[in-house]
Amino acid sequence: PGGKRRRIYPMGINRARLEQVIRELGVPADVARDETEADTVLVLKSVYRKQPDRVEGVQTTGKPVYVLRTGTVERLREIIADLFGARTTGDFPGD
């Protein structure tokens, strides 16, 4: 089953960490170079606070934006698993 690859942009989140989690979970996703080429954006809460206009700019395009308190591998694993329905948790999408 092919399905479209999701392009995820990590705003304020470690790119290598996100790539690692995508590889580990084996989901059909790529890390986007910037928010314009992404179809999903993950943003660290501290970045959201500092650059609300940038994040709201992404939201006006209709792309889903997920605000994360932390950018740890564990948290990224949860959010990516949830995005791809790999498992269900009670704490999504609110963080």
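Now for a quick tour of the structure. (Residues numbered from 1 in each chain as written. Predicted model: local features only at pLDDT ≥ 70, side-chain atom pairs only at ≥ 80, totals over all residues. Heavy atoms only, no water.)

## Section: the overall build of the chain
Okay, so step 1: Helix and strand content of the chain: four helices and four strands.
Okay, so step 2: Taken over 95 residues, the chain has a buried fraction of 38%.
Okay, so step 3: By sequence separation, contacts in the chain at least 24 residues apart represent 65% of the contacts at least 6 residues apart. (Helix = DSSP H or I, 4+ residues; strand = E, 2+ residues; numbered from the N terminus. Buried < 20%, exposed > 50% of the residue type's maximum accessible area, 1.4 Å probe, protein only. Contact = heavy atoms within 4.5 Å.)

## Description of the sheet that holds strand β1 (residues 6-11)
Okay, so step 1: Taken together, four strands build an open sheet; the order of strands is β2-β1-β3-β4 and the sheet is parallel. Because the sheet does not close on itself, it has two edges, and the strands there are β2 (29-31) and β4 (65-68). Direction aside, the axes of adjacent strands within the sheet are offset by 25 degrees on average.
Okay, so step 2: Alignment of β1 against strand β3 (residues 40-44), held across four bridges, turns out to be parallel. Within β3, the residue paired with Met 11 across the bridge is Val 43.
Okay, so step 3: Helix-sheet contacts for helix α1 (residues 15-25) involve β1, β2 and β3, and the interaxial angle to β2 is about 165 degrees. (Pairing = 2+ DSSP bridges. Axes fitted to C-alpha atoms, helices over the stretch in contact; angles between N-to-C directions.)

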